[in-house]
Every structure is written in structure tokens, then in C-alpha cells.
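Residue-level structure breakdown
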Amino acid sequence: MEVIVAGDEGSVRLDRVLAQRTPELSRSRLKALILAGSVTVKDAAVRDPAYHVAKGDTIIIDVPEAAPAEPQGEDIALDIVFEDDDIIVIDKPKGLVVHPAAGHATGTLVNALIAHCGSSLSGIGGVKRPGIVHRLDKDTTGLMVVAKNDHAHQSLTAQFADHGRTGAMQRGYMAFAWGVPNRPHGTIDAPIDRHPHAREKMAVRQGGREAITHYEVQQTFAGRDGKPIASLLACQLETGRTHQIRVHLAHIGHPLLGDSVYGAHFKTKAGQLSAVGKESLTALGRQALHAYLLALEHPRTGELLHWEAALPEDLLLLQKALAAAV
């Protein structure tokens, strides 16, 4: 689909110009297409909805063929930690997107769950996110629980909203961070909201939603000069904001190793690692974060359930490389 900017659209923002010129596409659909890189201006993909266009610019919109409204089951292997008639707990691998979204219509955890659980997931929590009550970032590994019926969905949703303040819910993460906090344990209490300029990022901002992360130093690692270069932190969430641990640790000056979004300016620190440490970090190719602990009350029996997942192989290799003699 081709659009020529006339200059009388009333705005120079890409998304608003397209909304006026292509009424057959909803604003949300246009935004998704822009973010997915399906809109080009002057032969270059533009992923910023606020990009300023000029009179005479040619905008090309690549609108993919309509996909089925409901996700389809796909034969994707799952590492199942626990399963009964009400819930399923999995140890999510890196690279697995939780639910379909722009750019990830297939190959998601939801597609795998539909194939594994069959029609029992239908309608629970919405068509696009059946059974999902929380999520992990694509490249974060570890424990996730999914509801298999409406009763379980309601119970788990309430437990995640409470985040253990009055109940048994616990969510623990192992995080490899640059540097070492100046206290062996502490609490980061800082509100989180959308980044004011980069909409795909979150940031600590006044007026944002309450966000509380507790941390405890588990291990420290020295660089080539013998000085502390990184640490392994056990983090526990008291709230569940998007990218919470990644944002909070970056906020206190200790972003995650391998986090290209919130720790990009720490790339030069890799030069202080041993050769094997640098090699392991490069091979990791993702943020060094793993959801190792999950505890909750069973939605039907009320029994306290507790699971722990060991570090995946790539993080074990990173840990060994960082701990190795320089």
C-alpha cells in the first residue's frame, strides 16, 4: 500500500498521517505495523510512530495477509516442571516469546501450550493469551505458571496482583550484574513507567507505577585487575512491572550483563574481564537473568507449592568463566 504525504493532514507524525490517509486500518494496527518495521519512508524502514514526515514523502505500508484470529497449536517442546488439571509450570528457554504479538505471530509459548493442552485452554484469559497470568521477556529463562481453567486463572491472577504481600506468592530471579552493590542486600523502591522518548523501553519516573525489588548478593567476581567487576544477585519481586529487575538494577548503576537495552553503555567493561569471561559473555547473547524460584498456593487445594530451576547451561558457563582465575 502506497501513501503520498499531501502536507494538509494536520500533523507531521507518521502514525497520525497514516491514520488520516488509511481509514481502513485501525490506529493500533498501524502502530503494530510501524513497530514491526513494515512501514518505509524514503525506502528506509521507520519504527518510530512519532517520526516526522514531509510533504511529498512516499510511505509504503507492507500489510501482511490476514492471519487466523486465534493462535494455532504448534509442536514445540516444553520443559514441564509440574502439571495437573488446573495448572502447568514450565521452565522457559531463552528465545521463546510468551504470547503472539507484532512480529511473533507463531512459535510462541501460547502456540506450544495450545498443542499440549488442547481445547482446555480455550477462552481462559483471552483469545490471544489463553491461560497466561504473567510473562517473562523473550530472552529471560526460568519458571512460569499457566492456568488451565477459569478457576485457576482467577486464583493465580489474584495471587500475582498481591505479589506475596498477604499470601504465599514468591518470584525469585538470579541476575548477573555489572559491579557489586555497596550493601550485601537491599531494596530498590522506585516507580516505573514508559520511557519518555524510547517507547519500547521502561524507566524509573516520578508518577510511574509502584515498583519494589529486593536483592541479595550471592557471589562476586573480579576482573583482570583483581577488583570486583560483576556480581550474582538473588532478586525477589514485590511488584511485577515490565522489565522491572532490568530497569531497577540499571537505575542503581548495576545493569545486567548482556542487556543491550538497559546496559549498553557498560559494553566497555567487558574489556576488564578475563579472556574466557569475555568469550562467555559474547556467547551468551542475552540479558543474564533467570527466574529460578516460584512459590504459590494451588488454586484448588490451597496447598503451598514451591519450585526451583537451576541456572541454564549458558548462565552456568558464564558463572564458571567469571569465577575462573584471571
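Residues numbered from 1 in each chain as written. Predicted model: local features only at pLDDT ≥ 70, side-chain atom pairs only at ≥ 80, totals over all residues. Heavy atoms only, no water.

**Notes on the environment of I245**
To be explicit about the condition: The secondary structure listing takes helices from DSSP runs of H or I that are at least 4 residues long and strands from runs of E that are at least 2 residues long, numbered from the N terminus. Residue contacts follow a heavy-atom distance rule, with two residues in contact if any of their heavy atoms lie within 4.5 Å.
Locating I245 in the fold gives a position in helix α5 (residues 244–251). Sequence separation of I245 and A211 is 34 residues, and the distance between their C-alpha atoms is 9.5 Å. Once residues within four sequence positions are removed from consideration, I245 is found in contact with Y173, T213, C235, L237 and L289.

**Things to note about the nonpolar core**
Selection criterion: Only buried Ala, Val, Leu, Ile, Met, Phe, Trp, Tyr and Cys residues count toward a nonpolar core, and they belong to the same one when joined by side-chain atoms within 4.5 Å. Type-normalised accessible area, obtained with a 1.4 Å probe on protein chains alone, sets the label of each residue: buried when under 20%, exposed when over 50%, and partly exposed for intermediate values.
Core analysis: the largest hydrophobic core is formed by 28 residues, its most contacted members being L109, L113, Y173, C235, I245 and L249. At the level of secondary structure, the elements contributing two or more residues to this core comprise β6 (87–92), α3 (109–117), β7 (141–147), β8 (170–178), β13 (228–237), α5 and β14 (289–297). Element by element, the count of residues in this core is highest for α3, at 5 residues. If near-sequence neighbours (up to four positions away) are discounted, L249 is found in contact with A175, A177, I188, L233, C235, H254, P255 and L256.

**Thoughts on the sheet that holds strand β4 (residues 58–61)**
Within a sheet, adjacent strands bond to each other through the backbone by hydrogen bonds, running parallel or antiparallel. Just so we agree on the cut-off: Strands pair, by our definition, only if DSSP identifies at least two bridges between them. As a rule, the C-alpha atoms of each element are fitted with a line to give its axis, helices using only the stretch in contact, and angles between N-to-C directions run from 0 to 180 degrees.
Read from one edge of the open sheet, 4 strands run β1-β4-β2-β3, paired in antiparallel fashion. In the strand order of this sheet, the two ends are held by β1 (2–4) and β3 (44–45), each with one partner. The pairing of β1 with β4 spans 3 bridges and is classified as antiparallel. Note on β4: the bridge partner recorded for I4 is T58. Lying on the sheet, helix α1 (residues 14–21) is in contact with β1, β2 (39–41) and β4; it crosses β4 at an angle near 75°.

**A short note on the side chain of R286**
Let me state the cut-off plainly: In the analysis that follows, any N or O atom pair within 3.5 Å is treated as a polar contact, provided that within protein one partner can donate a hydrogen and the other can accept it, and provided that, for residues neighboring in sequence, both atoms belong to side chains.
Tracing the backbone through its elements, the reader meets R286 in the loop between α6 (275–284) and β14. At 2.8 Å, the side chain of R286 and the backbone oxygen of D139 are in polar contact. When sequence neighbours within four positions are dropped, the list of residues in contact with R286 reads K94, D139, T140, T141, L257, G258, P312, D314 and L315.

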